[in-house]
Amino acid sequence: MCYDTMHTTEVPIGYDVLAVNAELARRNRNALEKFGITAFNIMGAIGSGKTLLIEKTIERMGKTYRIGAIAGDVVARIDAARFEKYGIPVIGLNTGKECHLDAHLVEHGLEKLPLDSLDILFIENVGNLICPADFELGEHKRVVIVSVSEGDDIVEKHPTIFTIADLIIVNKIDIAEAVSADADKMVKDARIINPRIDVLKMSLKTGEGFEEWTDFVRKSIKK
Ligand SMILES: Nc1nc2c(ncn2[C@@H]2O[C@H](COP(=O)(O)OP(=O)(O)OP(=O)(O)O)[C@@H](O)[C@H]2O)c(=O)[nH]1
Ligand SMILES: [Mg+2]
Ligand SMILES: [Zn+2]
Ligand SMILES: [Zn+2]
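First things first, this report covers the structure right here in the doc. Just so it is clear, the structure is predicted and the values come from calculations on it, not from any experiment.

## Description of the pattern of salt bridges
Argument step 1. Tallied over the full model, the rule gives 16 salt bridges.
Argument step 2. Salt-bridge contacts for R29 lead to E136; the nearest nitrogen and oxygen are separated by 3.2 Å. Within this pair, whereas R29 is found in helix 1 (residues 17–34), its partner E136 is found in the loop between strand 4 (120–124) and strand 5 (141–147), the two being separated by 107 residues in sequence.
Argument step 3. Judged by its relative accessible area of 21%, R29 falls in the partly exposed class.
Argument step 4. Put simply, D79 and R82 hold a salt bridge, and the shortest N to O gap is 3.8 Å. In this pair, D79 and R82 are both assigned in helix 3 (residues 78–84), three residues apart and thus about one turn of the helix distant.

Structural data, given as structure tokens:
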């Protein structure tokens, strides 16, 4: 069954969008698990490094694991094209005016992916720190990546998304000084909001913190 009202703005009054989304997410997770796929929902602010994180991970782990990607682009196929150059299965989902992916869009993405030949699925969410927190997609791990260039108060200003994350990455520490940001403050804020959380400081430019990230990915893999 396809709840296509979620593609439009015509949602009937009283229709519980989040409850329907949660049910679809459960179905997506079941479909992924049937094929032994581990899915990561990569969320974060605009420009924080979501696409580059996935690209570097494909470069590092793509020979060991069969990786696929879903890219939530608002328009066009800009991030999807960045993943396609690695020759992996990629689905670009256009969200149009929506500022987040939902489980229904991802279900359509899963329909088009060769699930029987994947181990890992990276889902790049739309750059936004607010509503992606409400819409689970069927992922196994939720990763939030922010960067020092958003300002070192970005974590304390958006607490909700950090409460639902399994891993928080504070990226672009190579430019922290140039933008007068205190990366350690961001780590501390994240730990106050979510004391159980793993927090990594990272630079995708210098490679700092990247080994810890690949360890997290490996440890998360089903099977
Ligand atoms: N200096 C520095 N630049 C980085 C780092 N990580 C990413 N960038 C740069 O930041 C810019 C945005 O990176 P993307 O990976 O496209 O970010 P994104 O989160 O996918 O962006 P959207 O999908 O538009 O929200 C690019 O120019 C990257 O090269 C880093 O660790 N250090
Ligand atoms: Mg991107
Ligand atoms: Zn549909
Ligand atoms: Zn949204």
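## Let's talk about the site of ligand 1
Argument step 1. In the vicinity of ligand 1 there are 19 residues, among which K50, T51, R82, D174 and L204 approach most closely.
Argument step 2. In this structure, S48 approaches ligand 1 through a main-chain N or O atom, which is 3.1 Å from an oxygen atom.
Argument step 3. Separating an oxygen atom of ligand 1 from a side-chain N or O atom of D79 is a distance of 3.0 Å.
Argument step 4. In the complex, the protein chains occlude 74% of the 650 Å² of accessible area that ligand 1 would expose alone.
Argument step 5. Elements with a minimum of two residues in the shell around ligand 1: helix 2 (50–61) and helix 3.
Argument step 6. It is helix 2 that contributes the most residues to the shell around ligand 1, three residues altogether.
Argument step 7. Taken together, the residues of the shell around ligand 1 break down into five nonpolar, seven polar and seven charged.

## Details of the sheet that holds strand 6 (residues 167–171)
Hydrogen bonding along the main chain pairs the strands of a sheet, whether they run parallel or antiparallel.
Argument step 1. Read across the open sheet, the seven strands follow the order 3-2-4-1-5-6-7; overall the sheet is parallel. Both edges of this open sheet fall to strand 3 (90–94) and strand 7 (198–201), since each of them pairs with a single strand only. Across the sheet, the axes of successive neighbouring strands diverge by a mean angle of 20°, strand direction being ignored.
Argument step 2. In terms of strand pairing, strand 1 (residues 38–44) meets strand 4 through five bridges, oriented parallel. Looking across to strand 4, one finds that F40 is bridged to F122.

## Digging into unusual backbone geometry
The phi torsion of most residues other than glycine is negative, and most of the peptide bonds are trans.
Argument step 1. One non-glycine residue with positive phi stands out, namely A76, at about 55°.
Argument step 2. With respect to the helices and strands, the residue A76 is situated in the loop between strand 2 (67–73) and helix 3.
Argument step 3. A positive phi angle is found at S180, which is not glycine, with a value near 50°.
Argument step 4. By the element assignment, S180 lies in the loop between strand 6 and helix 7 (183–193).

## Notes on the nonpolar core
Argument step 1. Counting 28 residues, the largest nonpolar core has I42, L53, F122, I169 and W213 as the members making the most contacts within it.
Argument step 2. The set of elements that each furnish at least two residues to this core consists of strand 1, helix 2, strand 2, helix 3, strand 4, strand 5, strand 6 and helix 8 (210–220).
Argument step 3. The contact partners of I169, leaving out residues within four places of it in the chain, are L53, V143, V144, I145, V146, L200, M202 and W213.
Argument step 4. Among the nonpolar cores identified, the runner-up in size contains 23 residues, and I161, F162, A181 and A183 belong to it.

## Concerning helix 8
Note: α-helices contain 3.6 residues per turn, so residues at a spacing of three or four share the same orientation.
Argument step 1. Regarding helix 8, the residues found buried are F210, W213, T214, F216, V217 and S220. For helix 8, the buried positions fall inside an angular range of 150° around the axis, keeping them on one side.
Argument step 2. On its buried side, helix 8 packs onto strand 1, helix 2, strand 4, strand 5, strand 6 and strand 7.

## Considering the coordination of the magnesium ion (ligand 2)
Argument step 1. With distances of 2.0 to 2.1 Å, the protein atoms coordinating the magnesium ion (ligand 2) are T51 (OG1), D79 (OD) and E124 (OE).
Argument step 2. Mapped onto the sequence, the residues coordinating the magnesium ion (ligand 2) show the spacing T-x27-D-x44-E. Of the two residues, D79 is situated in helix 3 and E124 in strand 4; the sequence distance between them amounts to 45 residues. The exposure classification of D79 matches that of E124, with both residues buried.

## What to know about the pairing of strand 1
Argument step 1. Within strand 1, seven of the seven residues are buried, which leaves it mostly tucked inside the rest of the structure.
Argument step 2. Burial along strand 1 is two-sided: T38, F40, I42 and G44 and A39, N41 and M43, pointing in opposite directions, are all buried.
Argument step 3. In this sheet, strand 5 lies alongside strand 1 in parallel orientation, the contact comprising five bridges. Each residue of the ladder has a partner; that of G44, found in strand 5, is I145.

The rules behind each value
- Residues numbered from 1 in each chain as written.
- Chains lettered and ligands numbered in written order.
- Predicted model: local features only at pLDDT ≥ 70, side-chain atom pairs only at ≥ 80, totals over all residues.
- Heavy atoms only, no water.
- Salt bridge = Lys/Arg side-chain N within 4 Å of Asp/Glu carboxyl O.
- Helix = DSSP H or I, 4+ residues; strand = E, 2+ residues; numbered from the N terminus.
- Buried < 20%, exposed > 50% of the residue type's maximum accessible area, 1.4 Å probe, protein only.
- Near = heavy atom within 4 Å.
- Polar contact = N/O pair within 3.5 Å; in protein donor to acceptor, adjacent residues only side chain to side chain.
- Areas by Shrake-Rupley, 256 points an atom, 1.4 Å probe, with all protein chains shown as cover.
- Nonpolar A, V, L, I, M, F, W, Y, C, P; charged D, E, K, R; others polar.
- Pairing = 2+ DSSP bridges.
- Axes fitted to C-alpha atoms, helices over the stretch in contact; angles between N-to-C directions.
- Core = buried A, V, L, I, M, F, W, Y, C linked by side-chain atoms within 4.5 Å.
- Contact = heavy atoms within 4.5 Å.
- Arc of directions from axis to C-beta.
- Donors = N, O, S within 2.8 Å, 3.2 Å for Na, K, Ca; no water.

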